[in-house]
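Understanding the architecture of this molecule
What follows is each chain in one-letter form.
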Amino acid sequence: MLFNSYIFIFLFLPVVLLGWYGCNHYHQYKLANLFLAGMSLWFYGYFNVSYLAVILISIGLNYTLSFLLTLIHEDTMHRKALYRIGLFSGIGLNLGILFYFKYYDFFIENMNYVFRTDYTLKHILLPLGISFFTFQQLSFVIDRCLGKSKHYSLLNYVTFVTFFPQLIAGPIVLYKEMIPQFEDLSRRHFDASSFARGIYLFVLGLTKKVLLADTFALVANYGFAQTFSLDSISTVAVILAYTFELYFDFSGYSDMAIGLGRMFNIELPVNFNAPYRSCSVKEFWQRWHITLSRFFITYVYIPLGGSRKGRARMLLNTFLVFLLSGLWHGAAWTYVAWGAMQGLLVVWDNLGIIGISGREEKRPARFHIPPWLGWIFTFTLFNLSLFFFRSQSMAGAIQLFKNLFSGSYNGKIYEIAAQLDISELYVVKQMFDLAAPDFVRYLYLVFLLLLFALSFFLVFRPTAYERTVRGELTSRRCWLICILFVWCIVSLSQVSTFLYFNF
């Protein structure tokens, strides 16, 4: 089930809200948790019923391991050794499940290529959200084995893992920021202010997805399918379209997730904080997919030694984290290349050779550049890295680089822009068809340029979360939300999935 679908907005969400607050109103707190968990599993199983077996088995195995740790008494002679066994078992269990579903074919395919074997690929269907709920449970199991977390009731644990706003594409929440909220009875009462802000944030996120991301997707999808026939200008247009598609798609999902949490009086962590404003790659990754970065820092970077073992080791650890982050996004060498490129760029930032004027740094830089120049470098380099991220193969990514630097022009830009044949332009297009048919192609090109200009403008405006938290819900804003909601509902005839569902 998708947030941007009629069944979710007009059936699922009202039912789950009524059930949640109804049970809590009559002080049936356990029943409320059970109802929420059950509805969340319906939400997840709506995509494919077989997915339910994967997530339930994962929950059952992790919870059983946590329970077994409670049987180890404080005075047990080999307590530390048993906890260590539990730690390696938990890591192996979760990563093993993730490897099988996400990386098995990738591993076999590369082994066949290197060793000239012919092992059969399984073509396993990747369960939605497996990368997210696996990391979510992995953090809990690791902390349990390190003695940093207590054992929770099965109902609270299931509710924590399956809570539908964050189940499919994050944020990657931690038990210590979620379970205490479910245990806090003061949050079980309907809060009109929290609910209103939740709706406000949800609609703004829905607007980003339906009206902006899906529109840019028309250009990006067509353009990447024409990789080998693009010229320099059309390559720039296509990558910018994908850049903003990815931005508004992930930003929109993050806003909707937090907004839905607010409707249940549950606070989800901020996962996206206007990364395209960043003046360095290091700053970029403090703003993009914040909870994923938090996970890798806590459970990979620090255990590897972090910055405690010298500067060279710190740089190596940083690079390894980004390499793993690339692989986390997908089982393909294009994602590995993307992660390696991002890692090298962050390592370069950490070397402290070039700094941003006016920014405090732990290590003084040798040279400084103005923030606007740092922004240009950061935005450009991220766009170039997306050649790897979006391409289906390394050959396709390399071809895009060739296209970009070839200096060629074949008029493909008009064909690319013509993909913006959306209903909002219907009347204007008809007028041009009648009055000046030769200028129709310029109409689409101008519209594409206006979309780019609007996107840059929105990037540097206060985020939806900032508007929701800091701003008052004035009548003017409420009317705007109503208009945007109706516009989105009318545009939901062609529902598209979120990009991060693929990861």
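Everything below is about the structure shown above.
In every chain, residue numbers begin from 1 and rise along the written sequence. Thresholds applied to this predicted model are a pLDDT of at least 70 for local features of residues and 80 or more for the giving and counting of side-chain atom pairs; totals over whole chains, interfaces and linings are not thresholded and use all residues. To obtain the side-chain values, all non-hydrogen atoms of the structure were included, while hydrogens and water were left out.

Observations regarding the overall build of the chain
Note the cut-off: Helix and strand assignments come from DSSP, with helices taken as H or I runs of at least 4 residues and strands as E runs of at least 2, each series counted from the N terminus. Based on C-alpha atoms, the radius of gyration is set beside the globule rule, defined as 2.2 Å times the residue count to the power 0.38. Partly exposed describes any residue whose relative accessible area lies between the buried limit of under 20% and the exposed limit of over 50%, with all areas from a 1.4 Å probe on protein chains only and scaled to the type maximum. Residue contacts follow a heavy-atom distance rule, with two residues in contact if any of their heavy atoms lie within 4.5 Å. When charges are counted, Lys and Arg are positive and Asp and Glu negative, with His and the chain ends excluded. The atoms used to mark charge sites are NZ of Lys, CZ of Arg, CG of Asp and CD of Glu.
Scanning the chain from terminus to terminus reveals 21 helices and 2 strands. Over its C-alpha atoms the chain spans a radius of gyration of 24 Å, differing by no more than 12% from the 23 Å that the globule rule assigns to 503 residues. When the 503 residues of the chain are sorted by exposure, 53% land in the buried category. Considering only intrachain contacts with a sequence separation of at least 6, the fraction spanning at least 24 residues in the chain is 75%. When the 39 positive and 27 negative side-chain charges of the chain are each reduced to one mean point, those points stand 8 Å apart.

A short note on the nonpolar core
Considering soluble globular proteins, one finds that nonpolar side chains tend to be buried as a cluster. Note the following rule: Among buried residues, the Ala, Val, Leu, Ile, Met, Phe, Trp, Tyr and Cys ones that are joined through side-chain atoms within 4.5 Å form a nonpolar core.
By size, the foremost hydrophobic cluster in this structure holds 156 residues, and its most contacted members are Phe-3, Phe-8, Phe-164, Phe-202, Phe-264 and Trp-288. Here this core gets 17 residues from one element, more than from any other, and that element is helix H10 (residues 232-263). Excluding residues that lie within four positions of it along the chain, Trp-288 makes contacts with Leu-246, Phe-250, Asn-271, Phe-272, Pro-275, Tyr-276, Ser-293, Phe-382 and Tyr-500.

Concerning the pattern of salt bridges
As a working rule, side chains carrying opposite charge can pair if their charged atoms are close by. The criterion, for reference: Salt bridge, as used here, is a side-chain nitrogen of Lys or Arg placed within 4 Å of a carboxyl oxygen of Asp or Glu.
The final tally for this structure, using the stated rule, is 9 salt bridges. Between Asp-214 and Lys-209 there is a salt bridge, with the nearest N and O atoms lying 3.1 Å from each other. When sorted by exposure, Asp-214 lands in the same class as Lys-209, which is buried. Across the pair Glu-466 and Arg-277 runs a salt bridge, and its minimum N-O distance is 3.9 Å. With Glu-466 in helix H20 (residues 464-470) and Arg-277 in the loop between H10 and helix H11 (281-284), this residue pair connects regions lying 189 residues apart in the sequence. For the pair Glu-466 and Arg-277, a shared accessibility class is recorded, and that class is buried. Among the charged side chains, a salt-bridge network with shared partners connects Lys-209, Asp-214 and Asp-249.

With respect to the side chain of Arg-188
As a reminder, the rule being used: We define a polar contact as two N or O atoms separated by no more than 3.5 Å, with the added condition that, inside protein, one atom must be a possible hydrogen donor and the other a possible acceptor, whereas residues neighbouring each other in sequence contribute only through side-chain atom pairs.
Inspection of the secondary structure puts Arg-188 in the loop between helix H8 (175-183) and helix H9 (192-225). Summary of buried charges: Arg-188 has no salt-bridge partner, and the nearest side chain of opposite charge, Asp-184, is 7.8 Å away. Of note is the side chain of Arg-188, whose polar atom sits 2.9 Å from the side chain of Asn-24.

Comments concerning the packing of helix H5 (residues 130-145) against helix H6 (residues 154-162)
We apply this condition: Here, axes are lines fitted to C-alpha atoms. For helices the fit covers the stretch in contact, and angles between N-to-C directions go from 0 to 180 degrees. Relative orientations are named as follows: roughly parallel for angles under 35 degrees, roughly antiparallel for angles over 145 degrees, roughly perpendicular for angles from 65 to 115 degrees, and oblique for any other angle. Ten residues, namely Ala, Val, Leu, Ile, Met, Phe, Trp, Tyr, Cys and Pro, are considered nonpolar, four, namely Asp, Glu, Lys and Arg, are considered charged, and the remaining ones, Gly among them, are considered polar.
For the pair H5 and H6, the least separation of the axes is 10 Å and the interaxial angle reads 140 degrees. Judged by the angle between their axes, H5 and H6 are oblique. Where H5 approaches H6, its residues Phe-133, Gln-136, Gln-137 and Phe-140 are matched on the opposing element by Tyr-157, Phe-160 and Val-161. When grouped by side-chain class, the residues that make up the contact of H5 with H6 number 5 nonpolar, 2 polar and no charged.

As for the environment of Pro-437
Here Pro-437 shows up in the loop between helix H18 (426-435) and helix H19 (440-459). A relative accessible area of 47% means that Pro-437 is categorised as partly exposed. Residues Pro-437 and Arg-311, 126 residues apart in the sequence, show an inter-C-alpha distance of 63 Å.

Concerning helix H16 (residues 394-406)
What counts is decided by this rule: Here the expected length of a helix is defined as 1.5 Å per residue gap, with one fewer gap than residues. The arc under discussion is defined with respect to the helix axis, by the directions toward the C-beta atoms.
Look at H16: 18 Å from first C-alpha to last across 13 residues, which is about the 18 Å you get at 1.5 Å a residue. All of the buried residues along H16 are Gly-396, Ala-397, Gln-399, Leu-400 and Asn-403. Buried residues of H16, viewed axially, fall in a sector of 160 degrees; they line one side. In H16, the exposed positions angled more than 90 degrees off the buried face are occupied by Lys-402 and Phe-405. Of the surrounding elements, those touching the buried residues of H16 are H9, H10 and helix H15 (371-390). Within two residues after H16, Gly-407 carries a phi angle of roughly 75 degrees, on the positive side.

Brief notes about the side chain of Thr-134
Tracing the backbone through its elements, the reader meets Thr-134 in helix H5. Judged by relative accessible area, which is 1%, Thr-134 ranks as buried. Residues in contact with Thr-134, not counting those within four places in the same chain, are Asn-94 and Leu-98.

Examining unusual backbone geometry
Even without glycine at this site, His-27 takes up a positive phi of about 60 degrees. Assignment of secondary structure puts His-27 in the loop between helix H1 (6-25) and helix H2 (29-45). Since its relative accessible area comes to 51%, His-27 is described here as exposed. Phi at Ala-274 takes a positive value of approximately 45 degrees, unusual for a residue other than glycine. Within the element layout of this structure, Ala-274 appears in the loop between H10 and H11.

A word on the packing of aromatic side chains
So the rule is basically this: The pairing test for Phe, Tyr and Trp rings, Trp by its six-membered ring, is centres within 6.5 Å, and the orientation test on the planes gives stacked under 30 degrees, edge-to-face over 60, and tilted for anything in between.
Considering all chains together, one arrives at 72 aromatic pairs under this definition. Relative to Phe-182, the ring of Phe-163 has its centre 5.5 Å away and its plane inclined at 85 degrees; by these criteria the two rings are edge-to-face. Of the two residues, Phe-163 sits in the loop between H6 and helix H7 (164-167) while Phe-182 sits in helix H8, which places them 19 residues apart along the sequence. Given a relative accessible area of 0%, Phe-163 falls into the buried group. A relative accessible area of 2% places Phe-182 in the buried class. Ring plane angle 10 degrees and centroid distance 5.8 Å describe the contact between Phe-216 and Phe-452, whose orientation is recorded as stacked. Residue Phe-216 is located in helix H9, and its partner Phe-452 is located in helix H19; the two are separated by 236 residues in the primary sequence.

Digging into a nonpolar patch on the surface
Rules: Residues enter patches when their relative accessible area tops 30% and they take part in no salt bridge; the joining distance is 9 Å for like charges and 5 Å for the nonpolar side chains Val, Leu, Ile, Met, Phe, Trp and Tyr. Each accessible area value is a Shrake-Rupley result obtained with a 1.4 Å probe; residue values ignore everything except the protein chains displayed when judging cover.
Among the surface-exposed residues, Leu-11, Val-15, Trp-42 and Tyr-46 lie close enough to one another that they form a single nonpolar patch of about 350 Å² accessible area. With respect to the helices and strands, Trp-42 occurs in helix H2.

A look at the state of the cysteines
Stated formally: When two cysteine sulfur atoms are found within 2.5 Å, that pair is recorded as a disulfide.
Counted under the stated rule, the structure contains 0 disulfides. Between Cys-482, a free cysteine, and Cys-478, which holds the nearest cysteine sulfur, the sulfur-to-sulfur gap is 6.9 Å.

Observations regarding helix H4 (residues 79-115)
Worth spelling out the cut-off: Note that bend, as reported per residue, equals the angle between axes fitted to the 7 residues terminating at that residue and the 7 residues originating from it.
Helix length check: H4, at 37 residues, gives a terminal C-alpha distance of 43 Å against a target of 54 Å (1.5 Å per residue), a shortfall beyond 12%. A bend of about 70 degrees at Tyr-103 is the largest found in H4. Where H4 terminates, the next one or two residues include Arg-116, which has phi positive at roughly 60 degrees.

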